[in-house]
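Structural description and commentary
Letter by letter, the chains look like this.
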Amino acid sequence: MSAARPVLEVRGITKTFPGVTALSEVNLTVRAGEIHAVCGENGAGKSTLMKVLSGVHPHGTYEGEILFEGEPVAFKDIRASERRGVVIIHQELALVPYLSIAENIFLGNERAARGIVDWNETLREAGRLLKRVGLAENPQTPVSELGVGKQQLVEIAKALSKEVRLLILDEPTAALNDEDSAKLLELILELREQGIASIIISHKLNEVRRIADAVTILRDGRTIETLTVRGTPQDEPELSEDRIIRGMVGRDLDQRFPERTGYTGEDAGQVALAVRGWTVRHPVDQQRTVVDDVSLTVRRGEIVGIAGLMGAGRTELAMSVFGRSYGRYVSGTVEVGGREVATRTVPEAIAAGIAYVTEDRKQYGLNLIDNVNRNISLASLTGMRRRGVVDEHHERRVAERYRTTMNIKTPTVFEQVGRLSGGNQQKVVLSKWIHADPEVLILDEPTRGIDVGAKYEIYTVIDRLAAQGKAVLFISSELPELLGMCDRIYTMAEGRLTGEVDRAHATQEVLMRQMTMNRS
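Residues numbered from 1 in each chain as written. Predicted model: local features only at pLDDT ≥ 70, side-chain atom pairs only at ≥ 80, totals over all residues. Heavy atoms only, no water.

Considerations on the sheet that holds strand β10 (residues 197-201)
If you trace the 6 strands from one edge of the open sheet to the other, you get β6-β9-β10-β3-β11-β12, paired in mixed fashion. Where the open sheet ends on each side, the last strands, each with one partner, are β6 (86-89) and β12 (222-228). Within this sheet the neighbouring strands show an average axis-to-axis angle of 20 degrees, counted without direction. By the bridge criterion, 4 bridges tie strand β3 (residues 35-39) to β10 in an arrangement that is parallel. In the sheet register, Ala-37 faces β10, and the bridge partner there is Ile-200. Strands in contact with helix α5 (residues 148-160) are β6 and β9 (166-170); relative to β6, the strand with the most contacts, it is inclined by about 165 degrees. Those strands touched by helix α8 (residues 241-249) are β3, β11 (214-219) and β12, and its axis lies near 30 degrees from that of β11. (Pairing = 2+ DSSP bridges. Helix = DSSP H or I, 4+ residues; strand = E, 2+ residues; numbered from the N terminus. Axes fitted to C-alpha atoms, helices over the stretch in contact; angles between N-to-C directions. Contact = heavy atoms within 4.5 Å.)

So this is what it looks like as structure tokens:
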């Protein structure tokens, strides 16, 4: 692999924004037919580098040089990079849900003659590309009818239609279940065999070690090192996840999870949240039950997990309890502190002492075009007003306090939230709800798409909340995360609770067995 010619050479790339140096003298070499992983903490500069490579940040807005297949290139936009065969697939998929698979594949790259789309050729070529990526779907199927895993394959088919030579994938498996992730990784390996080079950004280090030929680590906008995964000399130890983590964070993480502090208040052990007989139907197909007679409890100072495969009903349960934000309520009660409370709307749920950190922070958790200051205060504006008007000085003091205590990396609390890294965005969401001072905090995939260093910081915050007597309901698709953080773990399958395991007896095998139990 090392003898292959470079397909991409990045030399001394520096990119600055007002008050921030995002990239500083970054170097990267990707060889033909190579899968090259780029790893680093949130805010390390990975996404900025990919935007430079694909023309999102055009030539002239950065310093340094990019060579593609041995020639200097100066991409002025995405179209220019795609014409050379550089195609980027962002974490947020760029598909139009109401158009068909075929229309999405050739959108902006239509198969046309004299300005008229040749639909026969479009469907024929789309079918060929779908077969190439292993997707057995009719090209005329609307994209809205596909799951996220299949949509990722459509994005890759779209890239292949542009005769891709370098494929850039930004967190391609972040929103996928284990099965879809495995299929996508196999496809990337197949593309390598066809001579297509790939750059993959991922926080899932087990996946990096599985498919990558080399790993370049960025830290604070700088290239730290490039490590070889495959073809390692026999006298060198195999590259481990701990070795990659040490490069990413600049230190060893001896423990992935903080040691539990424990709550010692007089009301320790008292039930803070009780959900009884909770049943919810699908918002459109009202014959379909998505949460079926669920009952659970969370005590003060306790972190309780919910494990389940994709479609098990975990998020549906959380959203429906939090102000009936999802589905059609059928039956059930919610108690906070031993008292039945109304949660028919989000304001009622907040008033009852319940907070919900959504799995989709960008769509439901944050106002991306507003600043850090406003986002932190959104859930508790009533406590910041004087004579009916928000006290801006108080609002800023609160935001500055959380900026410090939560270690939110931003030049100022007036920075637009959409410009922050994923980990720092998540800290803003947590700050918003912590300041609302809830009794119960429901966390839905709180560390999705963020790096190991930021994860540890968020785990520490969660443990601190439990140590203060808050009740935490923790939903995660990562079983090691649940095992490392939770006192008890419930399992769900097909909308029902299928088991409950305490910390001492919980293993990945036990949880997986209960997560795959049939309703019968």
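Observations concerning the sheet that holds strand β16 (residues 328-336)
Sheets are built from strands that pair by backbone hydrogen bonding, the pairs being arranged parallel or antiparallel. Read across the sheet, 4 strands follow the order β14-β13-β16-β17 without closing on themselves; strand pairing throughout is antiparallel. In this open sheet, the two edge strands, each paired with only one partner strand, are β14 (289-299) and β17 (339-341). The average undirected angle you get between the axes of adjacent strands in this sheet is 15 degrees. In the sheet, strand β13 (residues 271-281) pairs with β16 via 7 bridges, with the strands oriented antiparallel. Note that in β16 the partner of Ala-274 across the bridge is Glu-335.

Here's the deal with the nonpolar core
With 76 residues, the main nonpolar core has Leu-317 and Phe-474 as its most contacted residues. The element that contributes the greatest number of residues to this core is helix α15 (residues 452-467), accounting for 7 residues. Not counting residues within four places of it along the chain, the set of residues in contact with Leu-317 comprises Trp-278, Val-291, Val-294, Leu-296, Ile-306 and Met-492. Core analysis: the next-biggest nonpolar cluster, separate from the first, contains 49 residues, Ile-89, Ile-101, Ala-126 and Ile-200 among them. (Core = buried A, V, L, I, M, F, W, Y, C linked by side-chain atoms within 4.5 Å. Buried < 20%, exposed > 50% of the residue type's maximum accessible area, 1.4 Å probe, protein only.)

Points about the pattern of salt bridges
Throughout the structure, instances matching the rule amount to 28 salt bridges. Taking the shortest distance from any N to any O, the salt bridge between Glu-9 and Arg-11 comes out at 3.2 Å. Classification of Glu-9 by relative accessible area gives buried; the value is 18%. Accessibility expressed as a relative area gives 39% for Arg-11, which makes it partly exposed. Taking the shortest distance from any N to any O, the salt bridge between Arg-300 and Asp-267 comes out at 3.3 Å. Of this pair, Arg-300 sits in the loop between β14 and β15 (303-308) while Asp-267 sits in the loop between α8 and β13, placing them 33 residues apart in sequence. Judged by its relative accessible area of 22%, Asp-267 falls in the partly exposed class. Within the structure, one salt-bridge network assembled from shared partners comprises Arg-299, Glu-302, Arg-488 and Glu-500. (Salt bridge = Lys/Arg side-chain N within 4 Å of Asp/Glu carboxyl O.)

Focus on the side chain of Glu-302
Along the chain, Glu-302 turns up in the loop between β14 and β15. Residue Glu-302 is classed as buried on the basis of its relative accessible area of 8%. Looking at Glu-302, its side chain comes within polar contact range of the side chain of Arg-488, at 2.8 Å. Once residues lying within four places of it in the same chain are set aside, the contact partners of Glu-302 are Lys-470, Ala-471, Val-472, Asp-487 and Arg-488. (Polar contact = N/O pair within 3.5 Å; in protein donor to acceptor, adjacent residues only side chain to side chain.)

Some points on empty space enclosed by the protein
In this approach a probe as big as a water molecule rolls over the atoms, and the regions it shows empty are the leftover space. Counted by the stated rule, this structure contains 2 cavities of 30 Å³ or more. Space inside the largest cavity adds up to approximately 40 Å³. Lining of the largest cavity is provided by Trp-433, Ile-434, Pro-438, Leu-441, Leu-465 and Lys-470. A breakdown of the residues in the lining of the largest cavity according to their chemical character gives 5 nonpolar, no polar and 1 charged. Approximately 40 Å³ is the volume found for the second largest cavity. Every residue lining the second largest cavity is listed: Leu-273, Val-275, Leu-296, Leu-317, Ala-318, Val-321, Ile-442 and Leu-473. Listing elements by their share of the lining of the second largest cavity, those giving two or more residues are β13 and α9 (314-321). Top element by residues in the lining of the second largest cavity is α9. It accounts for 3 residues. (1 Å grid on protein atoms, 1.4 Å probe; cavity = no way out; pocket = protein on both sides within 12 Å on 5 of 7 lines; lining within 4 Å. Points joined across faces, edges and corners; volume = space filled by probe spheres on them. Nonpolar A, V, L, I, M, F, W, Y, C, P; charged D, E, K, R; others polar.)

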